[in-house]
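# Structural overview
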Amino acid sequence: MKIYADMLFAINFSMDLVSLFITASIMRRKIYKKRILIASIIGGFYGVFDVVLTLKPVISVVLGILVSFLMCFITHFEKSIKRFVSMYLIYLGVSASLGGFMSVLYSFLNKILAKYIESYNYTTVYTGARFFIIASLAILLSIFIGRLFSSEKEIKSVKIIARIDDEEFSFGALCDSGNLLRDPLSGKSVILVSSSTPIARKILKIPDIYKRYIPYSAVGGEGLLKGVIPTSISIENNEVSAVIASIDKKDFAGYEACVSTALTK
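Our subject in this report is the structure included herewith.

The next thing to look at is the packing of aromatic side chains. In total, this model carries two aromatic pairs according to the counting rule given. Here the aromatic rings of Phe-45 and Phe-49 are separated by 6.3 Å at their centres, their planes lie at 20°, and the arrangement is stacked. Residue Phe-45 and its partner Phe-49 are both found in helix α2 (residues 33–52); the two are separated by four residues, about one turn of the helix. Looking at Phe-49, the relative accessible area reads 46%, which means it is partly exposed. Ring centres of Phe-69 and Tyr-88 lie 5.6 Å apart, and the angle between their planes is 70°; this geometry places the pair in the edge-to-face category. Taken together, the positions of Phe-69 in helix α3 (residues 57–75) and Tyr-88 in helix α4 (residues 81–117) put the pair 19 residues apart, joining distant regions of the chain.

Here is the structure:
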């Protein structure tokens, strides 16, 4: 049976690309297209080398784990080991599920093609046709899901520039329609910032008498957030009026802050 390296590369590349996109969506991570492309290319080449070099099963498994780990590291690097391991396991699960789906599809097409081609005894055409169909479907699936995530499902983010007194702070923020917090006194929308950011440390230094106290309720419990009304604040160069409050949270899906989508329209 002949193996076509270019088609084998296309299949592995497509499946890795789709798996990485789905993993990013499940983990609500920002989608870095170039990183995913590079990682998928590495996975595609490894898939070819694994077949061509005919490695021993144990070596093949170990290298497969290392390559998949490298792919996830390139695409979705996490400072938190626990979160990275979770993301890696999700990627393996997604990849295995897609692999199983493609195996079933391959078997199904194999039976269909055999019915029409076997009588002509064109072995080369028979084998090539199967790989061509599988590769085409994989590429089309990859393009479809890639466009779906990049246009509709990709996490939207904005750049915020805020000035408090004589200090200016610039940071990225995740747009979240679920952020409905408002300052009870002014009615202004609240932008949440991670407590580890410079602007949060600035808010902490401001005397309590000048702070705003925003009640909140979440799965983890209830409490009061401390915030301030900045001297000025702009979202993507558009001036807005809002309160910025610090929250004890590491990040927001990789971003330093979380802003209501109502402020970004």
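Glancing now at the environment of Leu-98. Within the fold, Leu-98 resides in helix α4. Take Leu-98: its relative accessible area is 13%, and that puts it in the buried class. For the pair Leu-98 and Ser-19, spaced 79 residues apart in the sequence, the C-alpha separation amounts to 7.6 Å. Not counting chain neighbours up to four residues away, the residues in contact with Leu-98 comprise Met-15, Val-18, Ser-19 and Ile-22.

Right, let's talk about the nonpolar core for a bit. Where a protein is soluble and globular, its nonpolar side chains tend to be buried together. Of all hydrophobic cores here, the largest spans 22 residues; its most connected members are Ile-160, Phe-171, Ile-191, Val-193, Ile-199, Ile-244 and Val-259. Not counting residues up to four positions away in its chain, the partners in contact with Ile-191 are Ile-160, Ile-233, Ile-235, Ala-242, Val-243, Ile-244, Ala-245, Ala-257, Cys-258, Val-259 and Leu-263. Core analysis: the second largest hydrophobic core is formed by 15 residues, Phe-21, Met-27, Ile-36 and Met-71 among them.

About the cut-offs
- Residues numbered from 1 in each chain as written.
- Predicted model: local features only at pLDDT ≥ 70, side-chain atom pairs only at ≥ 80, totals over all residues.
- Heavy atoms only, no water.
- Phe/Tyr/Trp six-rings, centres within 6.5 Å; stacked < 30°, edge-to-face > 60°.
- Helix = DSSP H or I, 4+ residues; strand = E, 2+ residues; numbered from the N terminus.
- Buried < 20%, exposed > 50% of the residue type's maximum accessible area, 1.4 Å probe, protein only.
- Contact = heavy atoms within 4.5 Å.
- Core = buried A, V, L, I, M, F, W, Y, C linked by side-chain atoms within 4.5 Å.

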